[in-house]
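Chain residues, written in single-letter form:
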Amino acid sequence: GVWGITPEQIAEWKEAAEKGDPAAQLNIGFAYANGDSVPEDYAMAYAWWNIASANGEATAKLSKKDLAERMTKEQIAEAQKLSREMGEANPKLLDSNYVIETETEEGPSLGEIWEQIKKKLLPLLPAS
């Protein structure tokens, strides 16, 4: 690949990304944007960056914006739809690896609170 990224590295990133790791989601976006060990696919790059951005990854937000300048409005709409479908198919994409399940006497666990946040974030993905 252009950056020396191997298919094995892509597989590792994809596994982490599917568990909600925003850095891995960012890296997969770069791989698709550059066609590095995966086919070049701007829609897929945008979709991964859209998800990473929703997880708070600032570089993904900037990268998505730059990529959008090379895409048509139709391609952007398709990429947004793709990111929404990816999130619906795998809600863990919006999970953080750093969320810790804890029960408290005062109220819901952090995991339950995170589920509530995801329900509010997921519909916002296409508009990102």
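Predicted, not measured: the structure shown is a model, and the values here were computed from it.

Participant: Before we go on, may I ask you to explain the packing of helix α3 (residues 42–54) against helix α5 (residues 73–89) in this structure?
Facilitator: Think of two packed helices as two axes; the pair is described by the angle between the axes and how far apart they sit. Contact geometry for α3 and α5: axes closest at 8 Å, N-to-C directions at 55°. Between α3 and α5, the crossing angle belongs to the class labelled oblique. Regarding α3 and α5, the two cross each other, and that crossing is right-handed. Every residue of α5 that contacts α3 at Ala43, Met44, Tyr46, Ala47, Trp48, Asn50 and Ile51 is listed here: Ile76, Ala79, Gln80, Leu82, Ser83 and Met86. Taken together, the residues of the contact of α3 with α5 sort by class into ten nonpolar, three polar and no charged.

Participant: Help me understand the side chain of Glu57, please; the structure alone is not making it clear to me.
Facilitator: Examined against the element boundaries, Glu57 turns out to sit in the loop between α3 and α4 (58–68). The contact partners of Glu57, leaving out residues within four places of it in the chain, are Pro22, Ala23, Leu26 and Ala52.

Participant: Help me out: how do you make sense of unusual backbone geometry in this one?
Facilitator: Positive phi values are uncommon outside glycine, yet Ser37 reaches one of about 70°. With respect to the helices and strands, the residue Ser37 is situated in the loop between α2 (22–34) and α3. Residue Ser37 is classed as partly exposed on the basis of its relative accessible area of 31%.

Participant: Even after reading the chapter, I still don't get the nonpolar core, so can you show me in this structure?
Facilitator: By size, the foremost hydrophobic cluster in this structure holds 28 residues, and its most contacted members are Tyr32, Tyr46, Trp48 and Met86. Elements that contribute at least two residues to this core include exactly α1 (7–17), α2, α3, α4 and α5. Considering each element in turn, this core owes the most residues, eight residues, to α3. Setting aside residues up to four positions removed in sequence, Trp48 forms contacts with Lys14, Ala17, Glu18, Gln25, Ile28, Gly29, Tyr32, Met86 and Leu93.

Participant: Looking at this structure, I do not really get the pattern of salt bridges. What am I missing?
Facilitator: For side chains of opposite charge, pairing can occur when their charged atoms come near one another. Inspection of the entire model under this criterion finds two salt bridges. Of the charged contacts, one joins Glu85 and Lys81 as a salt bridge, the two residues approaching to 3.9 Å between their closest N and O atoms. Here Glu85 pairs with Lys81, and both are found in helix α5, just four residues apart, close to one helical turn. Judged by its relative accessible area of 37%, Lys81 falls in the partly exposed class.

Participant: Just checking my understanding: could you explain the packing of aromatic side chains for this structure?
Facilitator: Each aromatic ring pair is described using two quantities: the centre-to-centre distance and the angle formed by the ring planes. Summed over all chains, the structure comprises one aromatic pair. Seen from their ring centres, Phe30 and Trp49 are 5.1 Å apart, and the 70° between their planes marks the pair as edge-to-face. Of this pair, Phe30 sits in helix α2 while Trp49 sits in helix α3, placing them 19 residues apart in sequence. Given the relative accessible area of 3%, Trp49 is considered buried.

Rules of the game
Residues numbered from 1 in each chain as written. Predicted model: local features only at pLDDT ≥ 70, side-chain atom pairs only at ≥ 80, totals over all residues. Heavy atoms only, no water. Axes fitted to C-alpha atoms, helices over the stretch in contact; angles between N-to-C directions. Helix = DSSP H or I, 4+ residues; strand = E, 2+ residues; numbered from the N terminus. Parallel < 35°, antiparallel > 145°, perpendicular 65-115°, else oblique. Left-handed = near helix turned anticlockwise from the far one by under 90°. Contact = heavy atoms within 4.5 Å. Nonpolar A, V, L, I, M, F, W, Y, C, P; charged D, E, K, R; others polar. Buried < 20%, exposed > 50% of the residue type's maximum accessible area, 1.4 Å probe, protein only. Core = buried A, V, L, I, M, F, W, Y, C linked by side-chain atoms within 4.5 Å. Salt bridge = Lys/Arg side-chain N within 4 Å of Asp/Glu carboxyl O. Phe/Tyr/Trp six-rings, centres within 6.5 Å; stacked < 30°, edge-to-face > 60°.

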